[in-house]
Amino acid sequence: MNMSMPKISNCEVTDCSYNSNKKCHAMAITIGDSSCAMCDTFARMNKKGGNPAIIAGVGACKSDNCKFNDALECTASNVIVGMHSNHADCKTFAAR
Ligand code: SF4
Ligand code: SF4
């Protein structure tokens, strides 16, 4: 397994507290729930979060049905996050 943490190369969810200029500045995000590859770290709050000097990585992913998922970790080289049905999803998701 590739053990380096894949970065979020782009996130179009600009109303998330961790987003600025379409970059995610959390330390790491968690992706996935039982039904879709949702960004569980998404937060819509009245303050900015994260560190502008950091580009977030995927710390964990629960979307076991994605071909990039290995032992509930992401092995993609990087991922893109965007909107899907009013929530933030991993757009790099690819079904096995
Ligand atoms: S990847 Fe998730 S936590 Fe990061 S800016 Fe996008 S929606 Fe927010
Ligand atoms: S590419 Fe697949 S394994 Fe990686 S974060 Fe997205 S859904 Fe999870």
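Above this text you will find the structure in question.
As the structure is a prediction and not an experimental result, all values here were calculated from the model. (Residues numbered from 1 in each chain as written. Chains lettered and ligands numbered in written order. Predicted model: local features only at pLDDT ≥ 70, side-chain atom pairs only at ≥ 80, totals over all residues. Heavy atoms only, no water.)

Peer 1: Looking at this model, I keep getting lost on the overall build of the protein chain. Mind explaining?
Peer 2: Helix and strand content of the protein chain: zero helices and nine strands. Each helix and strand of the protein chain, ordered N terminal to C terminal, gives the series β-β-β-β-β-β-β-β-β. In summary, the protein chain has a C-alpha radius of gyration of 12 Å against a globular reference of 12 Å for 96 residues, a match within 12%. Taking the principal axes of the C-alpha coordinates as reference, the protein chain spans close to 35 × 30 × 15 Å. Here the protein chain holds 96 residues, and the buried ones make up 35% of them. Put simply, of all contacts in the protein chain between residues at least 6 apart along the chain, 67% involve residues at least 24 apart. When the accessible surface of the protein chain is split by element, carbon and sulfur atoms take 53% of a total near 5600 Å². (Helix = DSSP H or I, 4+ residues; strand = E, 2+ residues; numbered from the N terminus. Rg over C-alpha atoms; globule rule 2.2 N^0.38 Å. Buried < 20%, exposed > 50% of the residue type's maximum accessible area, 1.4 Å probe, protein only. Contact = heavy atoms within 4.5 Å. Areas by Shrake-Rupley, 256 points an atom, 1.4 Å probe, with all protein chains shown as cover.)

Peer 1: Honestly, the site of ligand 2 in this entry has me stumped. Any pointers?
Peer 2: Surrounding ligand 2, one finds 13 residues, the nearest of these being Cys 61, Cys 66, Asn 69, Cys 74 and Cys 90. When grouped by side-chain class, the residues that make up the shell around ligand 2 number 10 nonpolar, three polar and no charged. (Near = heavy atom within 4 Å. Nonpolar A, V, L, I, M, F, W, Y, C, P; charged D, E, K, R; others polar.)

Peer 1: Whenever I open this one, unusual backbone geometry confuses me. Can you help?
Peer 2: With the exception of glycine, most residues fall at negative phi, and the peptide bonds are largely trans. We note that Asn 21 has phi near 50°; this positive angle belongs to a residue other than glycine. Inspection of the secondary structure puts Asn 21 in the loop between strand S2 (19-20) and strand S3 (23-24). Taking relative accessible area as the criterion, Asn 21 reaches 74% and is therefore assigned exposed. One non-glycine residue with positive phi stands out, namely Ala 71, at about 55°. Along the polypeptide, Ala 71 turns up in the loop between strand S6 (69-70) and strand S7 (73-74). By relative accessible area, Ala 71 is classed as exposed at 59%.

Peer 1: Just to check I follow, could you spell out the site of ligand 1 for this structure?
Peer 2: Taken together, Cys 11, Val 13, Cys 16, Tyr 18, Asn 19, Cys 24, Ile 29, Cys 39, Thr 41, Phe 42, Val 81 and Ala 88 form the complete shell of residues around ligand 1. Partitioning the shell around ligand 1 into residue classes produces 10 nonpolar, two polar and no charged.

Peer 1: Just to check I follow, could you spell out the pattern of salt bridges for this structure?
Peer 2: A side chain of one charge can pair with a side chain of the opposite charge when the charged atoms of the two come close. Counted by the stated rule, this structure contains three salt bridges. The partner of Arg 44 in a salt bridge is Asp 15, with the nearest N and O atoms 2.8 Å apart. Of this pair, Arg 44 sits in the loop between strand S4 (28-31) and strand S5 (57-61) while Asp 15 sits in the loop between strand S1 (7-11) and S2; the two residues are 29 residues apart in sequence, bridging distant segments of the chain. Close ionic contact of Asp 40 with Lys 62 constitutes a salt bridge, the shortest N to O distance being 2.8 Å. Linking Asp 40 in the loop between S4 and S5 with Lys 62 in the loop between S5 and S6, this pair joins segments that are 22 residues apart in sequence. With relative accessibility at 34%, the residue Asp 40 sits in the partly exposed group. (Salt bridge = Lys/Arg side-chain N within 4 Å of Asp/Glu carboxyl O.)

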